[in-house]
Amino acid sequence: MKKWFNTAGPCKPNIHYMLPASDRLPELEQLIAQENYFVIHAPRQTGKTTAMMALAQELTASGKYCAVMVSVEVGSAFPDQPEIAEKAILGAWYKNARFWLPKELHPPSAPEAESGQRINAVLSAWAEISPRPIVLFIDEIDSLQNQTLITVLRQLRDGFPLRPQGFPQSVALVGMRDVRDYKYASGGGERLNTSSPFNIKVRSFTLSNFTLEEVRNLYQQHTEATEQIFTPEAIDLAFHLTQGQPWLVNAIAKEITEYIAKDTNTPITPEFVNQAKEILIQRQDTHLDSLAERLREERVRAIIQPILAGQELPDVPQDDVRYVLDLGLCSNENGLAIANPIYQEVLPRVLAYVTSASMGYIQPIWLSEQGEFLPERLLESFLGFWRQHGEPLFKSTPYPEIAPHLVLMAFLHRVVNGKGTLEREYAIGSGRMDLCLRYGKVTLGMELKVWRDRKPDPLNEGLKQLDKYLSGLNLDTGWLVIFDRRERLPMLSDRTTTEMAISPAGRNITVIRG
């Protein structure tokens, strides 16, 4: 049967390319044998459900366990009505168990029980008659909130001492967040901030991204099935752009194999990978949209804003850092950073979206009659735009500390307009953001700096940093944009100026102040 790369819902081994579940979390079988309860949390679309469904099937097929993946998502509609949520959840669990398990392992009919005890009663009755120990993977646990969440967690904790003869031997809570970040509105808080309702867990796991070798193995499955090869350079680039994020890894391959290079005689090269990347960034599928929604959360903004601005991270709670890591927005392998180059492109673009939509028509004077890109005319257009619209547009940005950056990027998005590319480089504590605009045969490198109160003019530092950036692009000229954010300044329209400067390496630099 023909197989595909999957970007929607759990993978099915008969129609999707996928990696073995046991390879991704090899320690789970030992924890289950030790009768442990544990938590698995990872960002959306990293393969949690796929891996746990496959592992449950492997455990049942071994003959040792009665293992099944269930979900509590149907109960999320009733955050403060646990009596209704319980019935909905159990209905979904019975349906799943009867579909995935052989008849002799099906749960018995639900015994009579009071509200708040129904889940415990069903699991107890099932464990008592089951010929094998029960292993339960409970998906979407963090979709539950408030009293319903507490009710479910407490019933699991209450049955824990009776395992394995009177309660499931092992239970895994599967979701995006660890227990302490489950939503519970109480006493002015919005999170549990504690693992107490599920303090029986032995460990919390996060599902890692694919390694380079795993990406290679996944793509090799397509080559073996179709004889269409991914060149080593294409695989390396796909891994670099995605850092192994499973949805992105699959999405790039799917875009290429189903749309860009459908002919299996066509080798898949880095050019195709870059093309697929641009399509994904511009299209912003559901996966990327769900990340974008998080950017307006205050605890997320407190971390993402300084990263984008190149500032030092302020004194934020450790839980908030852990939260952006759990969401998959950031990684912390070599210091806190945006998780991968694709997210690095998507996040500023999303933040600049409203600003871009607020801009009126801009005459593209930066193009010649033949459609060639003219950098000097771009400068003229930008200065006119900045003086007239810059300050009012600052108010349209959700991150005030980087409002000038977002307005400039919104303008440049309008410039490239799907016919060029705009790439960004930024890092926490770097004190800058670098932009590379590519349009036709022209490449324009820019560095963005901010002049703040009680700080020296960043001109000299900026010229030195820009030299390094332009050297990597093999360019002799570039722009240094200095946003003056000091207090009590003239209007933006009055203080916007340009001048030419020579960098320490002898490059001609256009310095824009505003």
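Residues numbered from 1 in each chain as written. Predicted model: local features only at pLDDT ≥ 70, side-chain atom pairs only at ≥ 80, totals over all residues. Heavy atoms only, no water.

A. Quick peek at the overall build of the protein. For the protein, the helix and strand inventory stands at 19 helices and 15 strands. Residues classed as buried in the protein amount to 54% of the 514 residues present. Taking the intrachain contacts of the protein between residues at least 6 apart in sequence as the baseline, contacts between residues at least 24 apart amount to 68%. Carbon and sulfur atoms make up 48% of the accessible area of the protein, which totals about 23300 Å². Taking the average location of the 54 positive side-chain charges in the protein and that of its 62 negative ones, the two points are 2 Å from each other. (Helix = DSSP H or I, 4+ residues; strand = E, 2+ residues; numbered from the N terminus. Buried < 20%, exposed > 50% of the residue type's maximum accessible area, 1.4 Å probe, protein only. Contact = heavy atoms within 4.5 Å. Areas by Shrake-Rupley, 256 points an atom, 1.4 Å probe, with all protein chains shown as cover. Lys, Arg positive; Asp, Glu negative; His and termini not counted. Charge placed at Lys NZ, Arg CZ, Asp CG, Glu CD.)

B. Up close: the sheet that holds strand 13 (residues 477-484). Strands sit in the order 10-11-12-13-15-14 across an open sheet of 6 strands; the sheet is mixed. In this open sheet, the two strands that pair with only one neighbour each are strand 10 (420-426) and strand 14 (497-502). Taking the axes of each pair of neighbouring strands and ignoring which way they run, one obtains an average angle of 20° across the sheet. Where strand 10 lies against strand 11 (residues 433-439), 7 bridges are found, and the strand directions are antiparallel. Bridged to Glu425 within strand 11 is Asp434. The strands touched by helix 16 (residues 375-394) within the sheet are strand 12 (442-451), strand 13, strand 14 and strand 15 (508-513), with strand 13 carrying the most contacts at an inclination of about 10°. (Pairing = 2+ DSSP bridges. Axes fitted to C-alpha atoms, helices over the stretch in contact; angles between N-to-C directions.)

C. Structural context of the side chain of Ser170. Within the secondary structure, Ser170 is located in strand 4 (residues 170-175). Here the side chain of Ser170 touches Asn36 through a polar contact of 2.4 Å, landing on its backbone oxygen. When sequence neighbours within four positions are dropped, the list of residues in contact with Ser170 reads Ile32, Asn36, Tyr37, Phe38, Ile134, Val135 and Leu136. (Polar contact = N/O pair within 3.5 Å; in protein donor to acceptor, adjacent residues only side chain to side chain.)

D. Inspection of the sheet that holds strand 3 (residues 134-139) at higher detail. Judged by pairing direction, the sheet is parallel, and its 5 strands sit side by side in the order 2-3-4-1-7 without closing on themselves. Two strands bound the open sheet, and with one partner strand each, they are strand 2 (66-71) and strand 7 (201-206). Across the sheet, the axes of successive neighbouring strands diverge by a mean angle of 15°, strand direction being ignored. Pairing geometry for strand 2 and strand 3, over 6 bridges, is parallel.

E. Here's a closer look at the pattern of salt bridges. Considering all chains together, one arrives at 23 salt bridges under this definition. The residue Asp142 makes a salt bridge to Arg177 at a minimum N-O spacing of 3.9 Å. Of this pair, Asp142 sits in the loop between strand 3 and helix 6 (146-159) while Arg177 is found in the loop between strand 4 and strand 5 (183-186), placing the two residues 35 residues apart along the sequence. For Arg377, the salt bridge identified is with Glu380, shortest N-O distance 3.2 Å. Here Arg377 pairs with Glu380, and both are found in helix 16, just 3 residues apart, close to one helical turn. Owing to a relative accessible area of 44%, Glu380 belongs among the partly exposed residues under this scheme. (Salt bridge = Lys/Arg side-chain N within 4 Å of Asp/Glu carboxyl O.)

F. Layout of unusual backbone geometry. With an omega of -5°, the peptide bond between Arg163 and Pro164 qualifies as cis. Structurally, Pro164 is set in the loop between helix 6 and strand 4. In this structure, Asn146 takes a positive phi of about 55° despite not being glycine. Mapped onto the fold, Asn146 is located in helix 6.

G. Molecular detail of the nonpolar core. Counting residues in each nonpolar core, the largest one holds 95 residues, and the members touching the most others are Tyr219, Phe411 and Leu437. Here this core takes 10 residues from helix 17 (residues 403-416), the largest share from any one element. Those residues in contact with Phe411 that sit more than four places away from it in its chain are Met359, Ile362, Trp366, Leu378, Ser381, Phe382 and Phe385. (Core = buried A, V, L, I, M, F, W, Y, C linked by side-chain atoms within 4.5 Å.)

H. Up close: the packing of aromatic side chains. By the definition in use, this model includes 15 aromatic pairs. Seen from their ring centres, Phe5 and Tyr17 are 4.6 Å apart, and the 55° between their planes marks the pair as tilted. In this pair, Phe5 sits in the segment before helix 1 (21-24) while Tyr17 sits in the segment before helix 1, placing the two residues 12 residues apart along the sequence. Grouping residues by exposure puts Phe5 and Tyr17 together as buried. Here the aromatic cluster, defined as three or more aromatic residues joined through ring pairs, consists of Trp366, Phe382, Phe385, Trp386, Phe394, Phe411, Trp479 and Phe483. The aromatic ring of Trp4 is capped on one face by Lys2, whose charged end is 4.8 Å from the ring centroid. Positioned above the aromatic ring of Trp451 is the side chain of Arg486, whose terminal nitrogen or guanidinium carbon lies 3.6 Å from the ring centre. (Phe/Tyr/Trp six-rings, centres within 6.5 Å; stacked < 30°, edge-to-face > 60°. Lys NZ or Arg CZ within 6 Å of the ring centre and 35° of its normal.)

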